[in-house]
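Analysis of the macromolecular model
Okay, here's what each chain looks like letter by letter:
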Amino acid sequence: MQTYSSSIRVLNGVVFEGKSLDSCFSNSDSALAKQVCYGVLRDYYRLRSIVAQLLKKPLPAKHNDIFLLLISGIYSVDALRRPAYTSVNAAVQCAATLNKSWAKGLVNGVLRNYIRKTEKFNAPVGATPEVETNLPNWLSDRISIAWPTQALEIFAAYNSEPPMTLRINDDISREDFSKKLSENQIEGHWGALYEQAFYLSKPMPVEEIPDFETGQASVQDESSQMAALLLDLAPGQNVLDACAAPGGKTCHMLQACPEIKLTAIDKDAARLHRIDSNLQRIGATATVVASDLEDYRAPDLFDRILLDAPCSATGIIRRHPDIKLLRRDTDIVKLAQTQSKLLATAWDLLKVGGKLLYSTCSILPEENENIVSDFCMNHPNAAVLDLASEHDVNWGLRTPTGRQLLPTTDAYDGFFYALLTKKAQ
Ligand SMILES: C[S@@+](CC[C@H](N)C(=O)[O-])C[C@H]1O[C@@H](n2cnc3c(N)ncnc32)[C@H](O)[C@@H]1O
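Calculation criteria
- Residues numbered from 1 in each chain as written.
- Predicted model: local features only at pLDDT ≥ 70, side-chain atom pairs only at ≥ 80, totals over all residues.
- Heavy atoms only, no water.
- Core = buried A, V, L, I, M, F, W, Y, C linked by side-chain atoms within 4.5 Å.
- Buried < 20%, exposed > 50% of the residue type's maximum accessible area, 1.4 Å probe, protein only.
- Helix = DSSP H or I, 4+ residues; strand = E, 2+ residues; numbered from the N terminus.
- Domains from an automatic or database assignment.
- Pairing = 2+ DSSP bridges.
- Axes fitted to C-alpha atoms, helices over the stretch in contact; angles between N-to-C directions.
- Contact = heavy atoms within 4.5 Å.
- Phe/Tyr/Trp six-rings, centres within 6.5 Å; stacked < 30°, edge-to-face > 60°.
- Lys NZ or Arg CZ within 6 Å of the ring centre and 35° of its normal.
- Salt bridge = Lys/Arg side-chain N within 4 Å of Asp/Glu carboxyl O.
- Near = heavy atom within 4 Å.
- Polar contact = N/O pair within 3.5 Å; in protein donor to acceptor, adjacent residues only side chain to side chain.
- Nonpolar A, V, L, I, M, F, W, Y, C, P; charged D, E, K, R; others polar.
- Buried area = accessible area lost by both parts, 1.4 Å probe.

Our next topic: the nonpolar core. If you look at the biggest cluster of nonpolar residues, it comprises 51 residues, and the most contacted ones within it are Ile 143, Met 253, Ile 260, Leu 357, Trp 395 and Tyr 417. Contributions of two or more residues to this core are made by helix H10 (137–146), helix H11 (151–158), helix H13 (226–230), helix H14 (248–256), strand E6 (261–266), helix H15 (269–282) and strand E13 (415–422). Counting contributing residues per domain, this core is built from domain 2 (164–219) and domain 3 (223–422), each supplying no fewer than three. Grouped together as the second largest cluster of nonpolar side chains are 44 residues, Ile 50, Ile 71, Ala 103 and Ile 115 included.

Here you go:
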């Protein structure tokens, strides 16, 4: 019952108040309540349509809480490992705690009706594209246009539960870490893309991960682990992490090559604190600057720049399913303008002969390929480096300027990389 009251509060924040999922959780929300919220948002368009079919007429806005209780109830009946009627009874009791005893019969009737006709609702005839893809139409349309042959796999990946992925320090061999894991009865497998990525079979609290406290193991998706590798870091280089918070890639760069001189910038001071605590955990130091990149005055130019730009996050929707509801089509044009501006600003901070890695966790060409190819057209001193031949890796889909990783159901997230070098004018 407590699970439902938490999920109604959190989902109300996301669905009806447009707040981010993370900002709606409180410390008292249980793991089960969080599971219900993530699950409902991943499956939102389908669940909403089932509720609409089960209700004789739509509920008025003043009863949004009952609507959210019903979609949470249907999710729980389908997905939680407990008898379906346990979920129904808890939902009925929750209606009473919302001071809506009148809704007890409605909740009971709708959920029992769903249980009786589950098959009908899970094989709907003539489902709308929103229901089929579990996405708003503007987003499924953009994805279908960009990735016509991969679109169905992308939609399936969005609806899957993401794995918990670790990055193990380069100085620890796979064998040694595997031994530690088996001593702790932890199961999983190594990644196919990045040598030191390890997929846990089951998510676990970070404190229980061997070597997490010492910084030898970190939580980081495998596709984002490619950044430090692609930058081709070497001792003594002056390196800029231009959009750094919360610092996942900052830490990786410093652990991959501790002898670099690293400056980490972010305009979001609150998120910047997380870089400090991440650096503390791994025992590394960097110059951390709270600034808009546009306002930053660098004392020296940089040998390497990572521009991990703000984006639509369409590569990581399974981790942040609230994006489905919060992002708008018009955001994409605005994001593209920001990305182009940031790329031009970062470029001015790069030495001749230096390398700049542009990355996003988006899968939309408007934020990736188009940004980099337009930039190269307007900057004759920019040359594209071939990520495959330079690094002897065969990964992602080749685009004219970079590599696109599309989100998977059981492995890495969606990510884009393009590596540029600055030629003398
Ligand atoms: C994709 S996140 C970076 C993730 C980070 N690189 C990591 O691996 O942990 C993008 C970051 O860009 C920052 N940002 C957005 N616009 C910026 C700007 N104009 N100047 C500096 N930072 C900016 C955001 O605050 C956000 O933290």
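If you walk across this open sheet you meet the four strands as E2-E3-E1-E4, and the pairing is antiparallel. At either end of the open sheet lies a strand with only one pairing partner, and these are strand E2 (188–190) and strand E4 (217–219). On average, each strand axis in the sheet is tilted by 30° relative to the strand beside it, whichever way the strands run. Pairing between E2 and strand E3 (residues 197–200): three bridges, direction antiparallel. Looking at E3, one finds that Gly 188 is bridged to Leu 200. Across the sheet, helix H12 (residues 174–183) touches strand E1 (164–168), E2, E3 and E4, and the angle it forms with E2 is around 175°.

Moving on to the side chain of Thr 3. By the element assignment, Thr 3 lies in helix H1 (residues 2–16). The contacts of Thr 3, once residues within four sequence positions are left out, are Ser 30, Leu 32, Ala 33 and Val 36.

Further remarks concern the packing of aromatic side chains. Each aromatic ring pair is described using two quantities: the centre-to-centre distance and the angle formed by the ring planes. Applying the stated criterion to the full structure yields 11 aromatic pairs. Pairing Phe 16 with Phe 67 gives two aromatic rings, centres 6.3 Å apart and planes at 70°, and the pair type is edge-to-face. Here Phe 16 is found in helix H1, whereas its partner Phe 67 is found in helix H5 (residues 64–79), with 51 residues between them in sequence. Residue classification places Phe 67 among the buried positions, given a relative accessible area of 13%. Cluster of aromatic residues (ring-pair linked, three or more members): Phe 177, Trp 190 and Phe 198. Above the face of the Phe 25 ring, Lys 34 is positioned so that its terminal group lies 5.4 Å from the ring centre. The aromatic ring of Phe 212 is capped on one face by Arg 281, whose charged end is 4.1 Å from the ring centroid.

On inspection of all chains with the given rule, the structure shows 17 salt bridges. Lys 100 serves as the salt-bridge partner of Asp 65, at 2.9 Å between the closest nitrogen and oxygen. Taken together, the residues Asp 65 in helix H5 and Lys 100 in the loop between helix H6 (84–97) and helix H7 (103–116) connect sequence positions 35 residues apart. Judged by relative accessible area, Lys 100 falls into the buried class, the value being 10%. Two residues, Arg 318 and Asp 413, come together in a salt bridge whose shortest N-O distance is 2.8 Å. One end of the pair, Arg 318, is in the loop between strand E8 (302–308) and helix H16 (323–326); the other, Asp 413, is in the loop between strand E12 (402–405) and E13, and 95 residues separate them in sequence. Per residue, the accessibility class of Arg 318 equals that of Asp 413, and both read buried. Where salt bridges share partners, they join Asp 221, Arg 318, Arg 319 and Asp 413 into one cluster.

Among the residues of helix H18 (residues 369–378), Glu 369, Ile 371, Val 372, Phe 375 and Cys 376 are the ones counted as buried. Looking at the buried side of H18, the elements it contacts are helix H17 (329–348), strand E9 (350–360), strand E10 (382–385), E12 and E13.

Around the ligand, the structure places 19 residues, and the nearest of them are Lys 249, Asp 266, Arg 271, Leu 293 and Asp 308. Within the contact set of the ligand, an oxygen atom lies 2.8 Å away from a side-chain nitrogen or oxygen of Arg 271. Here the residues of the shell around the ligand sort into nine nonpolar, three polar and seven charged.

Each assigned domain of the protein is listed with its residue range as follows: domain 1 (2–127), domain 2 (164–219) and domain 3 (223–422). Spacing between the C-alpha centres of domain 2 and domain 3 amounts to 24 Å. The interface of domain 2 with domain 3 comprises 16 residues on the first partner and 17 residues on the second. The contact between domain 2 and domain 3 buries some 1300 Å² in all, and 51% of this surface belongs to carbon and sulfur atoms. The largest share of the area that domain 2 buries against domain 3 comes from Arg 167, Leu 193 and Tyr 194, three residues that together contribute 52% of it. Our count for the contact surface shared by domain 2 and domain 3 stands at zero salt bridges. At the boundary of domain 2 and domain 3, one finds nine residue pairs in polar contact (both at pLDDT 80 or more). Elements with a minimum of two residues in the side of domain 2 that touches domain 3: E1, E3 and E4. Element by element, the count of residues in the side of domain 2 that touches domain 3 is highest for E1, at three residues. Split by residue class, the side of domain 2 that touches domain 3 holds seven nonpolar, six polar and three charged.

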